[in-house]
Amino acid sequence: MNTHKLIETFYTSFSNGNSKEMADCYHKDIVFQDPVFGTLKGKRACKMWEMLLAKRTESTQISFDNIKTNADQGTATWKAEYTYGETNRKVINIVHANFKFKDGKIIEHIDSFNLWKWTQQAMGFAGYLFGWTPFLKSKIQKTTHKKLNDFINNK
């Protein structure tokens with residue numbers, strides 16, 4: 001599969017709620033990184049998508065565009081629209097993704113977005129006040145890792 005088609009398949013699977021097909025696009029040694037989860041490697045990265053999609057509701061919408069690839073690397077832009085679980089607040093997150101490829105799979109996936117803007121949407125006033133701080137970023141990552149550990153251990 002060419003790299004452009006690989007990224008299309010990944011995001012189409014995401015949009016359709018199919019974490020297995022998403023995981024099939026990843027190399028077994030995948031390294032994933034974003035502001036909310038920090039760095040995840042291997043099966044933990046795949047389980048993160050499975051966990052997120054398990055919480056998906058009918059109002060969740062995933063869209064993507066602007067895919068650019070060559071044999072070694074690629075980029076894409078994707079948008080997630082969903083209701084954040086803990087606060088029941090509407091979030092629209094626009095993410096820029098960078099990829100590296102190996103053996104016809106994604107070996108590195110780095111998502112970048114404005115964490116402060118995300119915390120404002122997800123957490124309201126508290127996110128506005130503290131969302132930009134390293135303290136809150138660290139707290140968010142500790143919380144997401146605990147949730148991921150719990151998800152993996154309860155499977």
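Our structure's up above, just so we're on the same page.
Residues numbered from 1 in each chain as written. Predicted model: local features only at pLDDT ≥ 70, side-chain atom pairs only at ≥ 80, totals over all residues. Heavy atoms only, no water.

Draft legend 1. The pattern of salt bridges, seen in detail. What the rule picks out here adds up to 7 salt bridges. Between lysine 28 and aspartate 29 there is a salt bridge, with its nearest N and O atoms 3.2 Å apart. With a closest N to O distance of 3.8 Å, lysine 90 and glutamate 81 form a salt bridge. A residue is classified by how much of its surface remains accessible, and lysine 90, at 48% relative accessible area, is partly exposed. A residue is classified by how much of its surface remains accessible, and glutamate 81, at 16% relative accessible area, is buried. It is possible to trace a salt-bridge network through shared partners that takes in Lys79, Glu81 and Lys90. (Salt bridge = Lys/Arg side-chain N within 4 Å of Asp/Glu carboxyl O. Buried < 20%, exposed > 50% of the residue type's maximum accessible area, 1.4 Å probe, protein only.)

Draft legend 2. Quick look at the nonpolar core. Counting 39 residues, the largest nonpolar core has Tyr11, Tyr26, Trp49, Trp78, Ile106 and Trp118 as the members making the most contacts within it. With sequence-adjacent residues up to four places away left out, isoleucine 106 is seen in contact with Leu6, Ile7, Phe10, Cys25, Tyr26, His27, Ile30, Phe99, Lys100 and Phe101. (Core = buried A, V, L, I, M, F, W, Y, C linked by side-chain atoms within 4.5 Å. Contact = heavy atoms within 4.5 Å.)

Draft legend 3. View of helix α3 (residues 43-54). Here α3 contains 12 residues, and its C-alpha end-to-end distance of 16 Å stays within 8% of the 16 Å for a straight helix at 1.5 Å per residue. Considered for burial, the residues of α3 that qualify are Ala45, Cys46, Met48, Trp49, Met51 and Leu53. (Helix = DSSP H or I, 4+ residues; strand = E, 2+ residues; numbered from the N terminus. Expected span 1.5 Å × (residues − 1).)

Draft legend 4. Local environment of the pairing of strand β6 (residues 105-112). As judged from the 4 bridges shared by strand β1 (residues 26-34) and β6, these two strands associate in the parallel manner. Residue pairing in the sheet places valine 31 in a bridge with glutamate 108 of β6. Strand direction decides the pairing type here: strand β5 (residues 89-102) and β6, joined by 7 bridges, are antiparallel. The partner of phenylalanine 99 across the bridge, within β6, is histidine 109. Where β5 folds back onto β6 in an antiparallel hairpin, the turn is made up of 2 residues, including aspartate 103, whose phi is positive at roughly 55 degrees. (Pairing = 2+ DSSP bridges.)

Draft legend 5. Region of interest: the sheet that holds β6. With respect to topology, 6 strands assemble into an open sheet ordered β2-β1-β6-β5-β4-β3, the strand pairing being mixed. Strands at the two margins of the open sheet, each flanked by one partner only, are β2 (38-41) and β3 (61-69). Put simply, the sheet's adjacent strands are angled 15 degrees from each other on average, direction ignored. Of the strands in this sheet, β1, β3, β4 (73-84), β5 and β6 are in contact with helix α1 (residues 3-15), which crosses β3 at around 175 degrees. (Axes fitted to C-alpha atoms, helices over the stretch in contact; angles between N-to-C directions.)

Draft legend 6. Structural context of a nonpolar patch on the surface. Residues Trp116, Phe125, Tyr128, Leu129, Phe130 and Trp132 make up a contiguous nonpolar surface patch of roughly 700 Å² in combined accessible area. Relative to the elements of secondary structure, phenylalanine 130 occurs in helix α5 (residues 125-130). (Patch = residues over 30% accessible without salt bridge, like charges linked within 9 Å, V, L, I, M, F, W, Y side chains within 5 Å. Areas by Shrake-Rupley, 256 points an atom, 1.4 Å probe, with all protein chains shown as cover.)

Take it as geometry only, folks, not as evidence of what the structure does.
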